[in-house]
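Residue strings, one per chain:
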Amino acid sequence: MASSHSSSPVPQSNSSDAFFKKEVDATKRFRPVQSLPDVCPKEPTGNPSSLHDSPSLVVDQQRWTIYHSKVNLPAALNDPRSPRNILHYTNRKSLRERRFMKGARIFVLLKIPLTGHYYTLTINPGQIWNKYLSTAGGKGNRDAASSKLLQEKLSHYLDIVEVNIAHQISLRSEAFFHAMTSQHELQDYLRKTSQAVKLLREKISKIDKVMCEGSLRVLRLSLTRNNCIKAYNKLKLMATVHQTQPTVQLLLSTSEYVGALDLIATTQEVLQQELQGIHSFRHLGSQLCELEKLIDKMMIAEFSTYARNDLNRPLEDDCQILEEERLVSLVFGLLKQRKLNFYEIYGDEMINTAKNIIKQCVVNTVSQIEEIDTEVVVKLADQMRMMNFPQWFDLLKNIFSKFTIFLKRVKATLNTIRSVVFLVLDKNQKTRDLEDTLQKNSAKESLVDSEVAYLTHEGMFISDAFGDGELPAGAADSASQRNTSPNSEPCSSDSVSEPECTTDSSSSKEHTSSSVTPGGVEMMIGEDMKLTDLELVRLANNIQELLYNASDICHDRSVKFLMARAKDGFLEKLNSNEFVTLSRLMEGFILDTEQICGRKSMSLRGALQSQANRFVNRFHEERKTKLSLLLDNERWKQAEVPAEFQDLVDSVSDGRISLPEKKPTATEERKPAEFLIVEGQKYATVGTVLLLIRIILEYCQCVDNIPSITTDMLTRLSDLLKYFNSRSCQLVLGAGALQVVGLKTITTKNLALSSRCLQLIVHYIPIIRAHFEARLQPKQFSMLRHFDHITKDYHDHIAEISAKLVAIMDSLFDKLLSKYEVKAPVPSACFRNICKQMAKMHEAIYDLLPEEQTQMLFLRINASYKLHLKRQLAHLNVVNDGGPLNGLVTSDVAFYTGNLQALKGLNNLDLNMAEIWEQKR
């Protein structure tokens, strides 16, 4: 039937390119029936009919409305009034393309030519059939002929499809029949397998009834029994937890905060692990949290009360700790709750207590003084300022003693708190050591187990690997555990109420260690003290710092007390003895606090230094003023030496610089001496120098009494010695005493006495230097150079005085020898006057200066005499020729030599008078 129809030949092509080319051509020739509406306005053309299709502002003069407008493609596709949008459009387009490609591949395989009907059929299949039916039912010959032609083409295509299907079946017939045969064999195998499975199930059912059902029932009952035991234990645990709150209240009533906190922590852990999800305890956890917060507040309040009671106890010589067991319990509780700033409460109480100590001491002292009317003078500071020095000194001494007891009490309490912290720290260290040991043991046991397993696997016995007695302890323990564990049961049937079978939380099984505080209080330290070593060490350091702060607080309050009394210049008006007494008291208190607390506090020391500096300034100014007045009234005559000054010098000679106590009875019996004896040497002095020595010793003794002012005293003493040297030089060498005191002239005796006084001071400078050097720090030794400079200045001054004495005689020689004439009688008047003046000079200085110095002085005077005589002889042309003139001069010189050597102490003086003659050339 297909061959009778005239149809286009089937396209023969071996490549798909021809198909795609033909497909593209088909899409170009045939336009889809349903296409998108034209969204662009048509351009005006010359055809009037085309202008009638759409409104035009140029050609069509009809009224144009908004309904005639057409917009661009996106606007038309997104129009909400249209059922079609861009997504719907793209989906439909892609679906049509996929259908077209699928059908086209089939047509290619079946060798059917693609026509416009195929494309129309794939795009809209209903449209072509409706068109075919409407055409077949028409009356026109043309329509009938086209429909008949279409029918023949379709019949031809159907035949082609049937032929291709039969061809494909014939190619795969062998595989088809093989599959049918294999299916029959498979059904036979399945039937046999089903029968074998049924038989096996019957045998297993019989075995289950005979051998397993009873044993499984026993296991099931045992499991039920264990579950009942667990339920019973759970109920017991619930009953115990139910009693938590009443027990906590009971513990809090006896201040057992640590026990209450441990109970709360254990209960919370049980609720989270053992009793999680119990409906009746759903609010217990939050209640326990609130109770724990309340305990925190109670412990802080309790610790504050304890600190107040401990510090405000009567300050007696009793430094025992108040209720040590209570303190240790509070500290453990605060550490358990990580309230690590509790020591700040104790610090605040210390400040308040220190204030109250001073206030109470002032009130008690004022109430015992009748001269102070408390009704008139209301303020305590004003009342304190009305005290004299002995009363105020006793008050300060009482305050210092109270502060010392207060610091000892604080130290005892803080040491107890630190001991608790160190106990917890030690417990942490031991716990870590124990964990490390357990880890090492477990590692050794695992190593032994692996070795045993290896030996057993190799077919050896353990006794072959280890000798008798060489089996490690870990291996023996593990072996014994392996031997006993299979036969051991966790609980026997009669031990339901035994503790071993009770279900407990891990916190109830934690290890605790018993520790004893220094006071003998035994505490149980649990492992729930979750504090790091760093936190504990920092807390211990803070507590130690609190002890230092206690010392600083006492010193600060003492400084304020001193400053309140020093406002009216009271401390600056103290004499040396009073200030030394005050300084010793303060130094003693400072040393006591340093010994108690172990650290220096600088506030009171600084205040003492400040007052000491003021005292030094006043002390120095008073003595410098006194020395200035003494020098201005000094007539530079030898003074008698009272016995007390000789005793003073003798005490210094013994190696100690101190002012001896006055002995009035002994002093009256002893008469003043003419000279001051110092180490066997006689010193003729003036009264000013005697008092200066006493002043110097006062400086040295003040340094012993107040070591903190050593450097200041050294500077002031240097200034005083320099002042004496310069002022004495002005008065004697500079002849200032003529105007100041009214002396007629400065005699050689005045000069010699001044030189001897300077020598006495120079004698004591090395002793003073050694005294200060022993009390200076090594870095302060550079200050000792002041004494070296002073010594040099004094020696220069002494040399100037000696030069002045020589200059006096030199001017006398120049005056007398310039008029000398060589003539009779012998001795001449000139030489008589010279010998007379030399005798006067010797008489003036011999008792004042030592013999050695007198000889040295007269040797210098003799040298000056020889120089002037030689010059005069040369002027007179007298030579050593043995003539008459030479004989006269020789007689005069012999007279001079005899008189000079006849003076006391100068008999062995080598005058060497031959130098007066000119040497012959």
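Residues numbered from 1 in each chain as written. Predicted model: local features only at pLDDT ≥ 70, side-chain atom pairs only at ≥ 80, totals over all residues. Heavy atoms only, no water.

1. Brief notes about the overall build of the protein chain
Within the protein chain, the regular secondary structure consists of 30 helices and four strands. The proportion of buried residues among the 921 residues of the protein chain is 36%. Of the contacts made within the protein chain by residues no fewer than 6 positions apart, 78% connect residues no fewer than 24 positions apart. As presented, the protein chain carries roughly 55,200 Å² of accessible surface, and 54% of it is formed by carbon and sulfur atoms. (Helix = DSSP H or I, 4+ residues; strand = E, 2+ residues; numbered from the N terminus. Buried < 20%, exposed > 50% of the residue type's maximum accessible area, 1.4 Å probe, protein only. Contact = heavy atoms within 4.5 Å. Areas by Shrake-Rupley, 256 points an atom, 1.4 Å probe, with all protein chains shown as cover.)

2. Digging into the side chain of serine 864
When you line up the elements, serine 864 lands in helix 29 (residues 851-876). Classification of serine 864 as buried rests on a relative accessible area of 8%. Contact partners of serine 864, with chain neighbours within four places excluded, come to Asp810 and Phe813.

3. Structural notes on the pattern of salt bridges
Following the criterion strictly, the structure yields 17 salt bridges and no others. With a closest N to O distance of 3.2 Å, aspartate 719 and lysine 624 form a salt bridge. Highlighted residues: aspartate 719 in helix 24 (residues 710-733) and lysine 624 in helix 20 (residues 602-632), separated in sequence by 95 residues. Because the salt bridges share partners, they merge into one network encompassing Arg618, Glu622, Arg623, Arg694 and Glu698. (Salt bridge = Lys/Arg side-chain N within 4 Å of Asp/Glu carboxyl O.)

4. Comments concerning the confidence of the model for the protein chain
Summing up the model confidence of the protein chain, the mean pLDDT is 76 and the portion of residues at 70 or higher is 73%. Within the model, pLDDT remains below 50 along residues 452-516, and this stretch shows 64 contacts once partners closer than five positions in the same chain are excluded. Overall, residues 518-523 carries pLDDT values under 50, and its contacts beyond four positions in sequence, including any with other chains, amount to 17 contacts. (pLDDT = per-residue confidence, 0-100.)

5. Some words on the nonpolar core
Ile295, Trp392, Phe406, Phe772 and Phe858 are the most contacted members of the largest nonpolar core, which has 196 residues in total. Looking at this core, the element that brings in the most residues is helix 15 (residues 389-457), giving 18 residues. Leave out the neighbours within four places in its chain, and phenylalanine 772 touches Cys700, Val703, Thr710, Met713, Leu714, Leu717, Leu784 and Phe787. (Core = buried A, V, L, I, M, F, W, Y, C linked by side-chain atoms within 4.5 Å.)

6. Quick notes on the packing of aromatic side chains
Applying the stated criterion to the full structure yields twelve aromatic pairs. Taken together, a centroid distance of 3.9 Å and an interplanar angle of 25° make the contact between tyrosine 865 and tyrosine 896 stacked. Residue tyrosine 865 is found in helix 29, and its partner tyrosine 896 is found in helix 30 (residues 884-902); the two are separated by 31 residues along the sequence. Residues tyrosine 865 and tyrosine 896 agree in their burial class; the two are buried. Above the ring of tyrosine 683, the side-chain terminus of arginine 756 is found at 3.9 Å from the ring centroid. (Phe/Tyr/Trp six-rings, centres within 6.5 Å; stacked < 30°, edge-to-face > 60°. Lys NZ or Arg CZ within 6 Å of the ring centre and 35° of its normal.)

7. A word on the packing of helix 10 (residues 257-273) against helix 11 (residues 284-311)
Between two packed helices, both the angle of their axes relative to each other and the distance between the axes serve to describe the pair. At a minimum axis separation of 10 Å, helix 10 and helix 11 run at an interaxial angle of 160°. Here helix 11 runs roughly antiparallel to helix 10, going by the angle between their axes. Considering the relative orientation of helix 10 and helix 11, their crossing is left-handed. Note on element contacts: helix 11 touches helix 10 through Leu284, Gly285, Leu288, Cys289, Leu291, Glu292, Ile295, Met298, Met299 and Glu302, opposite Tyr257, Ala260, Leu261, Ile264, Thr267, Gln268 and Leu271. Within the contact of helix 10 with helix 11, the residues separate by chemical class into twelve nonpolar, three polar and two charged. (Axes fitted to C-alpha atoms, helices over the stretch in contact; angles between N-to-C directions. Parallel < 35°, antiparallel > 145°, perpendicular 65-115°, else oblique. Left-handed = near helix turned anticlockwise from the far one by under 90°. Nonpolar A, V, L, I, M, F, W, Y, C, P; charged D, E, K, R; others polar.)

8. Describing a nonpolar patch on the surface
Taken together, the side chains of Phe176, Phe177 and Met180 define a hydrophobic patch exposed on the protein surface, amounting to about 330 Å² of accessible area. Relative to the elements of secondary structure, phenylalanine 177 occurs in helix 8 (residues 173-242). (Patch = residues over 30% accessible without salt bridge, like charges linked within 9 Å, V, L, I, M, F, W, Y side chains within 5 Å.)

9. With respect to unusual backbone geometry
Between alanine 824 and the following residue, proline 825, the backbone shows a cis peptide bond with an omega angle of 0°. Here proline 825 shows up in the loop between helix 27 (785-817) and helix 28 (829-845). Residue valine 826 is joined to proline 827 through a cis peptide bond whose omega torsion reads 0°. Mapped onto the elements, proline 827 comes out in the loop between helix 27 and helix 28. Even without glycine at this site, asparagine 877 takes up a positive phi of about 60°.

10. Some remarks on the environment of glutamate 640
Within the fold, glutamate 640 resides in the loop between helix 20 and helix 21 (643-653). C-alpha of glutamate 640 to C-alpha of alanine 684: the two residues are 44 residues apart in sequence and 8.6 Å apart in space. Residues within four places of glutamate 640 in sequence aside, it is in contact with Pro672, Ala673 and Leu690.

11. Overview of helix 26 (residues 748-773)
With 26 residues, helix 26 should reach 38 Å at 1.5 Å per residue; the first-to-last C-alpha distance of 38 Å fits that figure. Along its length, helix 26 shows its largest kink, about 30°, at isoleucine 765, and proline proline 766 lies within four residues downstream of that point. (Expected span 1.5 Å × (residues − 1). Bend = angle between axes of the 7 residues up to and from the residue.)

12. Considerations on the packing of helix 9 (residues 244-253) against helix 11
Orientation of helix 9 relative to helix 11, taken along the N-to-C sense of each, is 5°, at an axis distance of 12 Å. With respect to each other, helix 9 and helix 11 are oriented roughly parallel. Mapping the contact onto sequence places Thr244, Gln245, Val248, Gln249 and Leu252 in helix 9 and Leu284, Gln287, Leu288, Leu291, Ile295 and Met298 in helix 11. Class assignment of the residues belonging to the contact of helix 9 with helix 11 gives a composition of seven nonpolar, four polar and no charged.

13. Looking at the environment of glycine 259
Within the secondary structure, glycine 259 is located in helix 10. A relative accessible area of 28% means that glycine 259 is categorised as partly exposed.

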